[in-house]
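Per-entry structural report
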Amino acid sequence: MKKIFDEVRSLDKKAIENYFLSEDILMEHASIGIQKYITKKFKKNEKILIVSGTGNNGADGIALARLLHKKFDVSLYLTNEPKTEIGKLQLKRAKSINVNFVKDIFQADIIVDCIFGTGLNKELDKNSIDLIEKLNNFKSFKIACDIPSGLDILGRVTTIAFKANITITMGALKTALFSDVAKDYVGKIKVAKLGIEDEFFQSTLTNKYLLEKSDLVLPYRNIENSHKGTYGHLNVISGEKVGASIIASMAAFSFGTGLVTIISENQESIPHLIMQDKVISKNCTAIAIGMGLGKIDDSKLENILKLKLPKVLDADIFYNKLILEYLNEYVVLTPHPKEFISLLKLANITDISIEELQNNRFKYVKEFCNKYPDVVLLLKGSNVIIAQDDNIYINSFGNSSLSKGGSGDVLSGLIASLLAQGYKRVEGCISASLAHTLSALNYSKNNYSLTPDNLIEGIKNL
Ligand SMILES: NC(=O)C1=CN([C@@H]2O[C@H](COP(=O)(O)OP(=O)(O)OC[C@H]3O[C@@H](n4cnc5c(N)ncnc54)[C@H](O)[C@@H]3O)[C@@H](O)[C@H]2O)[C@@H](O)CC1
Ligand SMILES: Nc1ncnc2c1ncn2[C@@H]1O[C@H](COP(=O)(O)OP(=O)(O)O)[C@@H](O)[C@H]1O
Ligand SMILES: [K+]
């Protein structure tokens, strides 16, 4: 996993002091980072338009124009004269070698957005909105310098934001790039090193981490002298919609759990691989409840919630106040945003809209985890957040093929499967969530036809 920081400005300052560097050295490295990317990816004669604002993000762009001068067909458009000292210096340098300044933007092969960086601190004015809108309409390959212009430090879109194919971010990953809203603007994300010792970021504390493919720990079996009981027995509690329990059960069975039983009062028609019972199994090692549950008698629910077994609580359960008494060290919660706002309300933390949550996901996850530090929370979304106490892990591998009924049931089944097999809760959530999103990513047909069955098939082939 890679470290993510809420802000890097103070880190840059500290690094400058620690290693006797200068803003100029850092900026040169920032621009070299983008120069290297462009030089590697594009042919020499391609047209590049760099659009620079008045702050240091703009100054990065002016430095980049100098670095690419005569190597590419580069044009530099300034929204205004630079305001910062280093920006003025970069401009002098660029002018001294006759960089090509242009008075109008145009559809180049490549556009580099250096209008605003992390210094965006107010609403965009009309000129900036028009400029970003025009750039977005160009069919160019689009590179955002540090952060797409128009995204603020919390990853919210002000009025409009630059839609990049890639964001080359300076120094270290920033939280703002991983809001759900940002996902449609950042494109790929790449870090440009600023000439600061790697050791510096390694030793700087953070509570946020970006998950990588290598963090996936599949439930490989490492002993031969085993039997089905060795790999746990998951009970999936069924309710009004048995389909959800079947999806979760099939996902769990395919992900290695030795036995899966659907617990239901009625005799349901279910796949022959899955067992069925009316009561919790004696050798049950984990429980999944909530998916398709509908209404349930409080005393029955309480009898399940009070069991000292790892549990995944999902879906309908987030509308029942009873769960507040059981938010303990056995529990994993897997709400989607609508369910999470219900939970926040039940827990008397806040009464907010989905939009407010989606604009401030990290903030509300933190508030919830401060109140319930024993619980492991997985907040679904285009960038999944896994949190416990103060620690946050972000899974950004998901894509829109997962926006379909039943995807969440697969995920709950996968987490419950790993819990039944003995994974710790945070580790279980990390590996299940990675398997879930990587399976979707590997599905290569198109991005509309993925079904829960395809997802489960993909998980068998990871
Ligand atoms: N900290 C450092 O040492 C480094 C910073 N670098 C670059 O510097 C950037 C940050 O630079 P700045 O702090 O100058 O900030 P920005 O370049 O993001 O620009 C902010 C400027 O625009 C103005 N502004 C903010 N919001 C506005 C709005 N809505 N409408 C009109 N004007 C607005 C501000 O008053 C300020 O003058 C980073 O994103 C990064 O690209 C890099 O060069 C690497 C090194
Ligand atoms: N656009 C998207 N990008 C990434 N992941 C997505 C996207 N849409 C949905 N998902 C994922 O799909 C799952 C949907 O779960 P949920 O809404 O609970 O569905 P259901 O209850 O129908 O099974 C979650 O894991 C969510 O993170
Ligand atoms: K930018």
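The rules we used
Residues numbered from 1 in each chain as written. Chains lettered and ligands numbered in written order. Predicted model: local features only at pLDDT ≥ 70, side-chain atom pairs only at ≥ 80, totals over all residues. Heavy atoms only, no water. Helix = DSSP H or I, 4+ residues; strand = E, 2+ residues; numbered from the N terminus. Buried < 20%, exposed > 50% of the residue type's maximum accessible area, 1.4 Å probe, protein only. Patch = residues over 30% accessible without salt bridge, like charges linked within 9 Å, V, L, I, M, F, W, Y side chains within 5 Å. Areas by Shrake-Rupley, 256 points an atom, 1.4 Å probe, with all protein chains shown as cover. Salt bridge = Lys/Arg side-chain N within 4 Å of Asp/Glu carboxyl O. Lys, Arg positive; Asp, Glu negative; His and termini not counted. Charge placed at Lys NZ, Arg CZ, Asp CG, Glu CD. Near = heavy atom within 4 Å. Polar contact = N/O pair within 3.5 Å; in protein donor to acceptor, adjacent residues only side chain to side chain. Nonpolar A, V, L, I, M, F, W, Y, C, P; charged D, E, K, R; others polar.

**Quick word on unusual backbone geometry**
The backbone of Ala 315 shows a phi angle near 50 degrees, a positive value even though the residue is not glycine. Structurally, Ala 315 is set in the loop between β14 (311–313) and β15 (331–333). Exposure remark for Ala 315: the relative accessible area of 12% places this residue in the buried category. Phi is positive for Asn 348, close to 60 degrees, though the residue is something other than glycine. Mapped onto the elements, Asn 348 comes out in the loop between α10 (337–346) and α11 (354–359). By relative accessible area, which is 66% here, Asn 348 ends up exposed.

**A closer look at a positive patch on the surface**
Side chains of Lys 40, Lys 41, Lys 188 and Lys 190 sit close together on the surface and give a patch of like positive charge. Locating Lys 190 in the fold gives a position in strand β8 (residues 188–192). Judged by its relative accessible area of 39%, Lys 190 is partly exposed.

**As for the site of ligand 2**
Neighbouring residues of ligand 2: 17 residues in total, closest Lys 380, Gly 381, Ser 403, Gly 406 and Gly 408. The backbone of Ser 407 places a nitrogen or oxygen atom 3.4 Å from an oxygen atom of ligand 2. In isolation ligand 2 exposes 570 Å². Once the protein is present, 80% of that is buried. Considering every element that reaches the shell around ligand 2, the biggest residue donor is helix α13 (residues 407–420), with four residues. When the residues that make up the shell around ligand 2 are grouped by side-chain class, the tally is three nonpolar, twelve polar and two charged.

This is a description of form; function is not addressed.
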